[in-house]
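Here is how the chains run, residue by residue.
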Amino acid sequence: MASTMDQLTGVAAITGAGGTGIGAAVAQGFARSGCTRIAITDINPDSLNATKNAILKINPDVEVFLKHGDVADEGFVDSFFDSVFENFSRLDYAVNCAGILGGDMIKAVEMTMDQFDRLNNINYRGSWLCCRAQLRNMLKQEPLPESAVQRGSIVNIASQLGIVARPGAAAYCASKAAIINMTRSNAIDYSDKGIRVNCVCPGVIETPMTSSTPEIVEALRPAIDIAPMKRMGKPDEVANAVLFLCSSKSSFVQGHALVVDGGYTIN
Ligand SMILES: NC(=O)c1ccc[n+]([C@@H]2O[C@H](COP(=O)([O-])OP(=O)(O)OC[C@H]3O[C@@H](n4cnc5c(N)ncnc54)[C@H](O)[C@@H]3O)[C@@H](O)[C@H]2O)c1
């Protein structure tokens, strides 16, 4: 179960938090780590309600702020993070999990512009828009008293495929590599303001993205076998890394791409 060695007493916001994937695990991990003000968003309103219920089951005292929308939509992203800040008067931890595998297993010449644009609009543009809105709001606040040096912490979910390439995934790999380097640049630009920006690069994790059809599971089998640990990771195993990067236990970790992949990228 996702938890952290540090109590996360500030305000958390998580995108892609619906369903049973990484975002939902992160949201529940915050609730287990003492966070009592959690904002969640996803494009799917039903799955978002399910995450709210799961959070309240962990701790009925958590105040959950919830709104569904598209991370590729600038207006939605700006208004969501502004309302989180207005509602809770802070934004301490922001985790950008919304993403799609769209266009996976499609090589460049078979990919349409619509597929390419949708993938990048959600994965890269969406993460960029979210970071911009989160940074703007974090800059308005002073650090929490218990973490004197941390004004805010942002964690983007990239992928092992942002570091290494694999067949049939050029556009997805590029969208995740973009997130890793955007993370580094934002970390450089906002270090002097006390904001840390890091990312987590998951390997193959057992979520609806990777397990929704037998075809996807079959296509991912070679990737699972490359990883020395030879299994899919669990959403909680990624959430634990995210919670560490949000907490002041990682106070000197800046612009890092933390790989959580069972060893895939070392093999
Ligand atoms: N599962 C893996 O093996 C794996 C590996 C590496 C990276 N990742 C990344 O982790 C993140 C989470 O993926 P997951 O595996 O939990 O998948 P998931 O499909 O369970 O979760 C993704 C969530 O994002 C939401 N979403 C999709 N498009 C959206 C949009 N336009 N606006 C807002 N929300 C939107 C979905 O509704 C879903 O709830 C993604 O960025 C994914 O690329 C996953």
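Residues numbered from 1 in each chain as written. Predicted model: local features only at pLDDT ≥ 70, side-chain atom pairs only at ≥ 80, totals over all residues. Heavy atoms only, no water.

Per an unreviewed UniProt entry, the recorded name for the protein is Short-chain dehydrogenase/reductase-like protein SDR, and the organism is Aaosphaeria arxii CBS 175.79.

Draft legend 1. Here's a closer look at the nonpolar core. With 45 residues, the main nonpolar core has Ala 39, Val 77, Phe 80, Phe 81, Val 84, Leu 91 and Ile 154 as its most contacted residues. Mapped onto this core, the elements with two or more residues apiece are strand S1 (11-15), helix H3 (74-88), helix H4 (113-138), helix H5 (170-190), strand S6 (195-202) and helix H7 (214-226). Excluding its chain neighbours within four sequence positions, the residues that come into contact with Val 77 are Asp 70, Val 71, Leu 129, Cys 130 and Ala 133. Counting residues in hydrophobic clusters, the runner-up holds 33 residues, among them Ala 27, Ile 55, Val 155 and Leu 243. (Core = buried A, V, L, I, M, F, W, Y, C linked by side-chain atoms within 4.5 Å. Buried < 20%, exposed > 50% of the residue type's maximum accessible area, 1.4 Å probe, protein only. Helix = DSSP H or I, 4+ residues; strand = E, 2+ residues; numbered from the N terminus. Contact = heavy atoms within 4.5 Å.)

Draft legend 2. Region of interest: the layout of surface pockets. The volume enclosed by the largest pocket comes to roughly 900 Å³. Taken together, 40 residues make up the lining of the largest pocket; nearest its centre are Cys 97, Ala 98, Gly 99, Ile 100 and Met 209. Counting residues per element, the ones that place at least two in the lining of the largest pocket are helix H1 (22-32), H4, H5, helix H6 (208-211) and H7. If you tally residues by element for the lining of the largest pocket, the top one is H6, at three residues. Its residues assigned to classes, the lining of the largest pocket shows 19 nonpolar, 16 polar and five charged. The calculated volume of the second largest pocket comes to roughly 170 Å³. Contributing to the lining of the second largest pocket are 18 residues, with Arg 231, Gly 233, Val 260, Asp 261 and Gly 262 lying nearest its centre. Elements with a minimum of two residues in the lining of the second largest pocket: H7 and helix H8 (235-246). Residues belonging to the lining of the second largest pocket are distributed by class as follows: ten nonpolar, four polar and four charged. (1 Å grid on protein atoms, 1.4 Å probe; cavity = no way out; pocket = protein on both sides within 12 Å on 5 of 7 lines; lining within 4 Å. Points joined across faces, edges and corners; volume = space filled by probe spheres on them. Nonpolar A, V, L, I, M, F, W, Y, C, P; charged D, E, K, R; others polar.)

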